[in-house]
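# Results of the structural survey
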Amino acid sequence: MPTTSPEAPLLFFDSGIGGLSVLRAVQELLPHAPIVYTADYAGLPYGTKSEAEIASRVPALLGRLVERYQPRLVAIACNTACTIALSHVRAALDVPVVGTVPAIKPAAEATRTGVIGLLGTSATIRQSYVDRLQSDHAAGMTLLRYPAPELVHAAEAKLRGEAVNPQVFSDAMRGLVNHPDGDRLDVVALGCTHFPLVQEELASAMPNIRFVDGAAGIARRIVHLTLDQQWPDRPSQGVFVTTGALGDVDALKTTLADFGLTQTGSL
Ligand code: DGL
């Protein structure tokens, strides 16, 4: 087996900045990892796209990215892409691929009432992948699903330093509790990587609810898969790659610098 170069990056992929919620958890455990973070801004939002669009777009983009950056591992930090296209990507790429799927298992472990919520994109919450997660990990429990696409835009705006109307957060939480049995809801899985970036705002809209997401689990999985590999002798740094206009990244520069993403590039 060839030795992995210490400089070989971890490649993160999302439609936008949602994957930063996963990168944050990974950098806590791997503070020296070189990073290539890709935001498919030309394709944002994924949540309103068809299964066929996602299933052809994501593997094609990742194929080009892997060829260009030769990562040691790909992390698809997007629930929409993973619940639709994870197997297509794995079949197309010759590097380990770690996916992000809705944290229904941790939510089921945390609930006391047996009523859990799932906030995700419209595309994610209708996937049979989610049906399988529910029957495998939350059988006998009630899973309330609610699409909250406006939270994607709220997270993007927040990280650009723009003001966001708090109504979007209370609307999303009300969308869950308005279901029958919603009054017993105690745990919500944030099934879109953008949503942990606005978790505080969601919590303010509805206190006494516990939120869970998959980031810590993905970080542990990446550590496990890279256990015998070397890292550079300096803090994590890297490049933020966009499929959209490079100028649109300017407003994110301060946020990206916090993750060591001081360079930008386009695909
Ligand atoms: N961050 C993505 C996810 O985890 C999708 C956001 C979007 O582009 O709609 O599902």
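Position numbers for residues start from 1 in each chain and track the written sequence from start to end. In view of the model being predicted, local features appear only for residues whose pLDDT reaches at least 70, and side-chain atom pairs are presented and counted only at 80 or more, with totals across whole chains, interfaces and linings using the full set of residues. Hydrogens and water are ignored here; the side-chain numbers use all heavy atoms of the structure.

### Some thoughts on the overall build of the chain
Under the scheme used here, helices are H or I runs from DSSP no shorter than 4 residues and strands are E runs no shorter than 2 residues, and both carry numbers assigned from the N terminus. Across its full length, the chain carries 11 helices and 10 strands. Just to be clear, the radius of gyration here is over C-alpha atoms, and the globule rule we use is 2.2 Å times residues to the power 0.38. Its C-alpha radius of gyration of 18 Å places the chain within 12% of the 18 Å reference for a compact globule of 267 residues. Expressed along its principal axes, the backbone C-alpha trace of the chain runs to roughly 55 × 40 × 35 Å. Any two residues having at least one pair of non-hydrogen atoms within 4.5 Å are treated as being in contact. Sequence-distant contacts, at least 24 apart, represent 75% of the contacts inside the chain between residues at least 6 apart. Per element, the accessible surface of the chain, about 11600 Å² overall, is 49% carbon and sulfur. Here the positive residues are Lys and Arg and the negative ones are Asp and Glu; neither His nor the chain ends is included. Working definition for charges: the position is that of NZ of Lys, CZ of Arg, CG of Asp or CD of Glu. One finds the centroid of the 21 positive side-chain charges in the chain at a distance of 3 Å from the centroid of its 26 negative side-chain charges. Each accessible area value is a Shrake-Rupley result obtained with a 1.4 Å probe; residue values ignore everything except the protein chains displayed when judging cover.

### A closer look at the pairing of strand β9 (residues 238–242)
Between buried and exposed lies partly exposed: a residue is buried under 20% and exposed over 50% of the maximum accessible area for its type, with that area taken using a 1.4 Å probe on protein chains only. Within β9, five of the five residues are buried, which leaves the element mostly enclosed by the surrounding structure. Criterion used throughout: strands pair if DSSP finds at least two bridges between them. Two elements, strand β2 (residues 35–39) and β9, share five bridges in a ladder whose sense is parallel. Within the sheet, the bridge partner assigned to Ile35 lies in β9 and is Gly238. Relative to strand β10 (residues 261–266), β9 runs parallel, the two sharing five bridges. Residue pairing for β10: Thr242 is matched across the bridge by Ser266. For crossovers, right-handed means that the path from the first strand over the helix to the second runs clockwise, given strands pointing away from the viewer. Chirality of the crossover, the property in question, places the unit of β9, helix α11 (residues 253–258) and β10 among those that are right-handed.

### Digging into the packing of aromatic side chains
For this analysis, a ring pair means two rings from Phe, Tyr or Trp (six-membered ring only for Trp) whose centres lie within 6.5 Å, classed as stacked if their planes differ by under 30 degrees, edge-to-face if by over 60, and tilted for the remaining angles. Inspection of every chain in the model, using the stated rule, returns one aromatic pair. Taking the centre distance of 5.4 Å and the plane angle of 5° together, the rings of Tyr37 and Phe240 count as stacked. Of this pair, Tyr37 sits in strand β2 while Phe240 sits in strand β9, placing them 203 residues apart in sequence. In this pair, the class of Tyr37 matches that of Phe240, namely buried. Look at NZ for Lys and CZ for Arg. If either is within 6 Å of the ring centre and within 35 degrees of the ring normal, a charge sits over the ring. Above the face of the Tyr129 ring, Arg132 is positioned so that its terminal group lies 5.2 Å from the ring centre. The ring centre of Tyr41 lies 5.5 Å from the NZ or CZ of Arg160, which sits over that ring.

### Things to note about the side chain of Lys49
On the secondary structure map, Lys49 appears in the loop between β2 and α2 (51–69). Salt bridges are identified by distance alone: a Lys or Arg side-chain nitrogen within 4 Å of an Asp or Glu carboxyl oxygen. Despite its burial, Lys49 pairs with no opposite charge, the nearest such side chain being Glu53 at 4.9 Å. At 2.8 Å, the side chain of Lys49 forms a polar contact with the backbone oxygen of Gly43. Under this definition, polar contacts are N or O atom pairs within 3.5 Å; protein pairs additionally need one hydrogen-donor-capable and one acceptor-capable atom, and for neighbouring residues in sequence, both atoms have to be side-chain atoms.

### Observations regarding the packing of helix α1 (residues 20–29) against helix α10 (residues 215–225)
Packed helix pairs are specified by the crossing angle of their axes together with the interaxial distance, meaning the distance between the axes. Between α1 and α10, the shortest axis-to-axis distance is 8 Å and the interhelical angle comes to 45°. As the angle between them shows, α1 and α10 are arranged oblique. The two elements α1 and α10 cross, and the hand of that crossing is right-handed. Facing Ser21, Val22, Ala25, Val26 and Leu29 of α1, the residues of α10 in contact are Ala215, Ala216, Ile218, Ala219, Arg220, Ile222 and Val223. Throughout, an axis means a line fitted to C-alpha atoms (over the contacting stretch in the case of helices), and angles, computed between N-to-C directions, take values from 0 to 180 degrees. Reported orientations rely on four angle classes, namely roughly parallel under 35 degrees, roughly antiparallel over 145, roughly perpendicular from 65 to 115, and oblique for the rest. Each crossing gets its hand from how the near helix is turned against the far one by less than a right angle, where anticlockwise is left-handed and clockwise is right-handed.

### As for α2
Expected helix span is computed as 1.5 Å times (number of residues minus one). Over its 19 residues, α2 extends 27 Å from the first C-alpha to the last, a length consistent with the 27 Å expected when each residue adds 1.5 Å. Within α2, burial applies to Ile54, Val58, Pro59, Leu61, Leu62, Leu65, Val66 and Tyr69. At the exit of α2 stands Gln70, carrying a positive phi of roughly 45°.

### Remarks on empty space enclosed by the protein
Grid points spaced at 1 Å and placed over the protein atoms alone form the basis of the search, with a cavity being a set where a 1.4 Å probe fits but cannot get out and a pocket an open set showing protein on both sides within 12 Å along at least five of seven lines. Lining residues have an atom within 4 Å of a point. Grid points are joined across faces, edges and corners, and a volume is the space filled by probe spheres set on the points. Inspection of the entire model under this criterion finds two cavities of 30 Å³ or more. If you add up the space inside the largest cavity, you get close to 90 Å³. Taken together, 14 residues make up the lining of the largest cavity; nearest its centre are Ser15, Thr80, Thr121, Cys192 and His194. Ten residues, namely Ala, Val, Leu, Ile, Met, Phe, Trp, Tyr, Cys and Pro, are considered nonpolar, four, namely Asp, Glu, Lys and Arg, are considered charged, and the remaining ones, Gly among them, are considered polar. Class assignment of the residues belonging to the lining of the largest cavity gives a composition of six nonpolar, seven polar and one charged. If you trace the second largest cavity, you find 15 residues lining it, with Asn79, Thr100, Leu190, Asp213 and Gly214 closest to the centre. Its residues placed into classes, the lining of the second largest cavity shows eight nonpolar, six polar and one charged.

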